[in-house]
Amino acid sequence: MENGINRLEDGWDIRSMRGIGIGEVIIGSVLRLHAGSNQVEVHSPAKLTTDSESLLFHASARINLDRLPQLIDQVVAEVHAADSGSLRVRFASGWRLNVPVSSSAFGWIIGLRGSYFISSLPGGGVRMPNRPQA
């Protein structure tokens, strides 16, 4: 598929983000990770797993935000948007960011090249441009 997105059996592989380091981490009411001209926004509670710990965080609730700046310079190895509405970002270091399905809001949004947006849907599923809701 164009824009570096491939359909897999259980979701979407966002291969256009592979090999790009996180250049900016913005923590406000949402967590924003910038990788070149691409961006991942995390709107709901999520989990960051490192070599030594696994921590739940939530930007708008201000929960466990102290480790998130350490995502700067982490190189993206995989971004997978599951049909269920969950998101997995795996980094070359082995760290993982997992965003589960959010029951009442958008859990995450991915922006590619500043204009191509993919998002989870409240209650599950994925919204892709020019594609019916899954």
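Basis of the calculations
The residue numbering used here restarts from 1 in each chain and proceeds along that chain's sequence as written. Local features in this predicted model are restricted to residues whose pLDDT is 70 or higher, and side-chain atom pairs enter the listing and the counts only when it is 80 or higher, whereas totals over whole chains, interfaces and linings include all residues. For side-chain calculations, the full set of non-hydrogen atoms in the structure is used, while hydrogens and water are omitted. Throughout this description, the term nonpolar core refers to a set of buried Ala, Val, Leu, Ile, Met, Phe, Trp, Tyr and Cys residues connected via side-chain atoms within 4.5 Å. Burial classification: accessible surface area is computed with a 1.4 Å probe over protein chains only, and a residue below 20% of its type maximum counts as buried, one above 50% as exposed, and the rest as partly exposed. For this analysis, residues touch if any pair of their heavy atoms sits within 4.5 Å. Paired strands, as defined in this entry, are two strands with at least two bridges between them according to DSSP. The secondary structure listing takes helices from DSSP runs of H or I that are at least 4 residues long and strands from runs of E that are at least 2 residues long, numbered from the N terminus. The angle between two axes is taken between their N-to-C directions and runs from 0 to 180 degrees, where each axis is a line fitted to C-alpha atoms and a helix contributes only its stretch in contact. Each reported salt bridge corresponds to a side-chain nitrogen of Lys or Arg within 4 Å of a carboxyl oxygen of Asp or Glu.

**Some points on the nonpolar core**
Ile14, Met17, Phe57, Leu87, Ile110 and Ile118 are the most contacted members of the largest nonpolar core, which has 34 residues in total. In contact with methionine 17, other than residues within four places in its own chain, are Ala35, Asn38, Val40, Val76, Val79, Ile110 and Leu112.

**Re the sheet that holds strand E8 (residues 76-82)**
Strand order in the open sheet made by the 7 strands is E1-E2-E8-E9-E10-E6-E7, with antiparallel pairing throughout. Looking along the sheet, the strands with just one partner apiece sit at the ends: strand E1 (5-8) and strand E7 (54-57). Each neighbouring strand pair of the sheet contributes to a mean axis angle of 20°, computed without reference to strand direction. In the sheet, E1 pairs with strand E2 (residues 11-14) via 4 bridges, with the strands oriented antiparallel. In the sheet register, asparagine 6 faces E2, and the bridge partner there is aspartate 13.

**Some points on the pattern of salt bridges**
What the rule picks out here adds up to 6 salt bridges. As a salt-bridge pair, aspartate 83 and arginine 7 come within 2.7 Å of each other at their nearest N and O atoms. Within this pair, whereas aspartate 83 is found in the loop between E8 and strand E9 (87-91), its partner arginine 7 is found in strand E1, the two being separated by 76 residues in sequence. Residue classification places aspartate 83 among the partly exposed positions, given a relative accessible area of 22%. Looking at arginine 7, the relative accessible area reads 42%, which means it is partly exposed. The shortest N-O distance in the salt bridge between arginine 18 and aspartate 13 comes to 2.5 Å. Classification of aspartate 13 by relative accessible area gives buried; the value is 7%. The network of salt bridges with common partners includes Glu78, Arg88 and Arg90.

**Some thoughts on the side chain of serine 119**
With respect to the helices and strands, the residue serine 119 is situated in strand E12 (residues 116-120). Given a relative accessible area of 8%, serine 119 falls into the buried group. Excluding anything up to four places from it in sequence, serine 119 contacts Phe106, Trp108, Ile109, Gly125, Val126 and Arg127.

**What to know about the sheet that holds strand E5 (residues 38-42)**
Whether parallel or antiparallel, the strands of a sheet pair through hydrogen bonds between backbone atoms. Pairing is antiparallel across the open sheet formed by 6 strands, whose spatial order is E3-E4-E5-E11-E12-E13. In this open sheet, the two strands that pair with only one neighbour each are strand E3 (24-27) and strand E13 (126-127). Summarising the sheet, strand E11 (residues 108-112) and E12 pair through 4 bridges and their orientation is antiparallel. Directly across from glycine 111, in E12, lies its bridge partner phenylalanine 117.

**Regarding the pairing of E5**
Most of E5 is tucked away: 5 of the 5 residues are buried. Burial of E5 is two-sided: the residues Asn38, Val40 and Val42 facing one way and the residues Gln39 and Glu41 facing the other way are all buried. For strand E4 (residues 31-35) and E5, the ladder comprises 5 bridges, and the chain directions are antiparallel. Directly across from leucine 31, in E5, lies its bridge partner valine 42. Taken together, E4 and the strand that follows it, E5, pair antiparallel across an intervening segment of 2 residues, in which glycine 36 is found at a positive phi of about 65°. Looking at chain direction, E5 and E11 are connected through 4 bridges and run antiparallel. Bridge assignment links glutamate 41 to a residue of E11, and that residue is isoleucine 109.

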